[in-house]
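# Understanding the architecture of this molecule
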Amino acid sequence: MGEIKLMKGNEALAEAMIRAGCDAYFGYPITPQSEVLEYLSKDATQRTGMVVLQAESEVAAINMIYGAAGSGRRVMTTSSSPGISLMQEGLSYIASAELPCVLANVVRGGPGLGTIQPSQADYFQAVKGGGHGDYRLIVLAPSSVQEMVDFVRLSFDLAEKYRNPVMILADGAIGQMMEKVELFDQMPRKTEFPDWATTGKPKDKERRYITSLHIQPEKMEEINKHLQAKYKQIEDAEVRYEAFNLEDAEYILTGYGLGARICRKAMDILREKGYKVGLIRPITLFPFPKKVYESVAGKVKGILDVEMNAGQMVEDVKLSVCGKTRVEYYGRMGGMIPSPEEIVENFEKLFIKGEA
Amino acid sequence: MSNNIETAKFRPEICTDENLVYRKPSTLLPEPFHYCPGCGHSTVHKIFMEVIEEMGIENETIGVAPVGCSVFAYHYMGVDMQQAAHGRACAVATGIKRVQPDKYVFSYQGDGDLAAIGTGETIHAANRGENILVIFINNGIYGMTSGQMAPTTLEGMVSTTSPHGRDVKTQGYPLKISELLAPLPGVAYITRQSVHKPANVRKAKKALRQALEYQKKGLGFCLVEIVSNCPSNWRMTPAQANQYIEEKMLAFYKLGDIKVPEVK
Amino acid sequence: MTQEALFAGFGGQGVLSMGQILAYAGMIEGKEVCWMPSYGPEMRGGTANCITIVSDSSISSPIISMYDTVVALNQPSVDKFESRVKKGGNLIYDSANILNPPTRTDINIIPVQGSEEAIKLQNTKVLNMVMLGAFLKKTNCVAVENIHKALEKVFERYQKLIPLNIKALEVGMSYVK
């Protein structure tokens, strides 16, 4: 068993980054995730020799990530919504050049400068693209401080396996709350780097270059086809989700991240009230766990999607059930968090009392 | 392109070491330049690759290409390279250098890339004293997008977005980025050179070598500005363009060292 | 057993650290714990609160709207959270600091002269420990010795403060029979 600690989500994420043998972190302060850079600034470099650099902006940070990732290193950045928006151009380049890297978005309420309170309003940005061009991030949604730790290591593995950027889509509450975590042991930093990395031209081989520019549309289409094939492969192999009480479920609650935790409590309350309610919690938002929704489509009486936004993931849920089951949405926006009681009330209003 | 090799194949009797008068550096890839006739980029590419060859560091050098005419620098320079987003070359170079401090790292940027959209990255890389070389090609115009005004466009100079000549009252003044950066303590070496005459080419090459020697010593941020031309978008012949450099550009952008490391 | 508690007061009264010390103690005891602060500018002088959940089983929602116990250190917190105590739950408040006491009859209302006791202990900063003492005695949700261990952790660099904090805990406990 690893070391057990009581940690804030942001600090746990930073600790996991150090332990995962991360080579470099480039970031810029923004609430509610500044603890990451603060934590790393204490002694990460002394502990593992990793680079920790406060960039002049999120724009600079993501491009430093590009350079270091292109050098074949394990690299990571973190930010919160407005900062992640600034990184979108860089992410598009990184996705196109197929550079592995990990970023975490500790989401706050928007749009605009918004609020520093927790939100899930960046689902579309994370899952559907965000930057320009046809590309995908692998998106993982932690719902506990433990998963802030576990998903860092998983993200590095996935990023390197697929040469693709991976985003940990958390929210302000998970970043700020403290829970018991089990930490994995310190992993060594890499000493060997992939063939494609720009580490200096090998003596007996051609020079390498990293680019996302392919002026000929025929070539650019080839690149796109290659990327799409890779995303398909990711969809086939990397779907992760949790499901509870599907066996006898007549209704399904669904949500991700913090929302899924709140739904679990709501499910317990509803079951006490005698309703047969199950829960589906996507862990990977891309690839989206379509099949588990397909498996309940047409069998359950209704699905209530709960989000801390205006209803974003609900579109993917609807696409997955393809009209075979009624799908409703309930959520709060702008940094407000729905309580389990609110979910129960809205569930009853929508599905039991038929006030929809 | 590769004419040395071809000639050697057919006329081996004259391709001997004693007869050698010119050889393309091995670090310059056998690829025809896409640059316009008379453009300074080709010259700078060549002399910089000569420096890399002479120093024997092609296996330990990583370059960053910008967005602009030299976006394809990696097609010509025979070293590992990364292509950066517009203006971000100094940030990308920072990322590379921080994880590979024992390697030589350079960026190659035009005036739009370095002094307009990328000013922030440039100033902060300089201010952190990033131990990198920035090669800054200043031709006072946006070449790749066909001749729009650049931050370095001279007062009164005609471009497609200053068709009546740059009006400094509404369009701002030409920016001397080298003089702006020089006072920063992180900056080790800044010099302004040109490649419009053979003697200047030799000096520019010396400056590039000097900057890499400073990088080897870990002195900090070095920038070699090269005042260059753009015959196509200046709407001039190559000869006229070089004349314009001599008369107009150099009158405003004075050649010479702007900052040199203190001798210890 | 699960204890879902809310600690609320002015920023600077130590409400966030009360919850943290409880969470530490719960972890030391091998329980599941979750500490969720209100965060942001309100931490600096405005009202602050934190939800702390200690449970024998895994914790589902860290966000709840009804609490087993509310510990309120100022009037706005009493006003805001009195209605959020579950029926049969506890409202522990600093009676030395409040003009309008809570009025519900379906919950246990426990006044503690927290601010007064802290002044008597010659350190107003231990108000939170006085209140935590009352909370512990009332809820028994973690063992006092584990709070002591948690204090050692929290006051890693200020070990000399521990005896005073333990004394404050004991004073608070004496308010609950």
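Calculation notes
- Residue positions within a chain follow its written sequence, with the count starting from 1.
- Chain letters and ligand numbers both follow the written order, the letters beginning at A and the numbers at 1.
- Local features are withheld for residues below a pLDDT of 70 in this predicted model, meaning they are given only at 70 or higher, and side-chain atom pairs are given and counted only at 80 or more; totals for whole chains, interfaces and linings count all residues.
- Note on burial: count the other C-beta atoms lying within 10 Å of the residue's C-beta; 20 or more is buried, 12 or fewer is exposed, in between is partly exposed, and C-beta positions come from the backbone.
- In DSSP terms, a helix is any run of H or I states spanning at least four residues, a strand is any run of E spanning at least two, and both are numbered starting from the N terminus.
- Should DSSP find at least two bridges between two strands, the strands are regarded as paired.
- Throughout, an axis means a line fitted to C-alpha atoms (over the contacting stretch in the case of helices), and angles, computed between N-to-C directions, take values from 0 to 180 degrees.
- It is the C-beta atoms, placed from the backbone, that decide contacts: two residues are in contact if theirs lie within 7 Å.
- Residues are grouped as follows: nonpolar covers Ala, Val, Leu, Ile, Met, Phe, Trp, Tyr, Cys and Pro; charged covers Asp, Glu, Lys and Arg; every other residue, Gly included, is treated as polar.
- Take the buried Ala, Val, Leu, Ile, Met, Phe, Trp, Tyr and Cys residues, join any whose C-beta atoms are within 7 Å, and the set you get is a nonpolar core.
- By convention here, the domain bounds are inherited from an automatic or database domain assignment.

It is worth spelling out helix α5 (residues 88-97) of chain A at this point. Residue and element names in this part refer to chain A. With eight of ten residues buried, α5 lies mostly within the body of the structure. Taken as a whole, α5 has its buried residues at G90, L91, S92, Y93, I94, A95, S96 and A97. Positive backbone phi, approximately 55 degrees, marks E98, located one or two places after α5.

It is worth spelling out the sheet that holds strand β5 (residues 101-107) of chain A at this point. Residues and elements named next belong to chain A. Strand order in this open sheet of seven strands is β3-β2-β4-β5-β7-β6-β13, and the pairing throughout is mixed. Two strands close off the open sheet at either side, each with one partner strand: β3 (51-54) and β13 (284-286). Here the strands of the sheet are splayed against their neighbours by 20 degrees on average, with no regard to which way each runs.

Below, the discussion takes up the environment of A:D268. Along the chain, A:D268 falls in helix α10 (residues 258-272). As a C-alpha pair, A:D268 and A:P340 span 72 residues in sequence and 9.4 Å in three-dimensional space.

Listed per partner, the contact involves 32 residues of chain A and 29 residues of chain B. Elements with a contribution of two residues or more to the side of chain A that touches chain B: β2 (24-27), β3, α3 (58-70), α5 and β9 (209-210) of chain A. Per-element accounting of the side of chain A that touches chain B gives the leading share, eight residues, to α3(A). Of the residues contributing to the side of chain A that touches chain B, the split by class is 13 nonpolar, eleven polar and eight charged. Where β9(A) and strand β2 (residues 80-83) of chain B come together, two bridges link them in parallel fashion. By the bridge assignment, A:I210 is partnered in β2(B) with B:Q82.

Let us look at the nonpolar core. Membership of the largest hydrophobic core comes to 252 residues, with the highest contact counts inside it found for A:V139, B:I135 and C:M131. It is helix α1 (residues 15-28) of chain C that contributes the most residues to this core, ten residues altogether. Two domains each donate at least three residues to this core, and these are domain 1 (3-186 + 211-237) and domain 2 (241-352) of chain A. When neighbours within four sequence positions are excluded, B:I135 is seen to be in contact with B:V44, B:F48, B:F106, B:Y108, B:V224 and B:I226.

How big an interface is tends to be stated in terms of accessible area lost as the parts join. Counting residues at the interface gives 19 residues for chain A and 18 residues for chain C. Looking at which element gives the most residues to the side of chain A that touches chain C, the answer is α10(A), with five residues. Across two bridges, the pairing between strand β8 (residues 178-183) of chain A and strand β2 (residues 32-37) of chain C is antiparallel. Within β2(C), the position partnered with A:M178 by the bridge is C:W35.

Residue and element names in this part refer to chain A. When you tally the buried positions in helix α1 (residues 9-19), you get eleven out of eleven residues, the bulk of the element. Taken residue by residue, α1 has G9, N10, E11, A12, L13, A14, E15, A16, M17, I18 and R19 as its buried positions. Looking at the residues trailing α1, positive phi occurs at G21, about 75 degrees.

Our focus in this paragraph is the environment of B:A73. Residue and element names in this part refer to chain B. Position of A73 among the secondary structure elements: in helix α3 (residues 73-76). Sequence separation of A73 and G95 is 22 residues, and the distance between their C-alpha atoms is 19 Å. Setting aside residues up to four positions removed in sequence, A73 forms contacts with H45, G63, A65, M81 and Y108.

With that out of the way, let us pick up the sheet that holds strand β1 (residues 61-65) of chain B. With mixed pairing, eight strands are arranged side by side in an open sheet as β9(A)-β2(B)-β1(B)-β3(B)-β4(B)-β8(B)-β7(B)-β9(B). The open sheet has two edge strands with one neighbour each: β9 of chain A together with β9 (256-259) of chain B. The pairing of β1(B) with strand β3 (residues 104-110) of chain B spans four bridges and is parallel. Paired with B:I62 across the strands is B:V105, a residue of β3(B).

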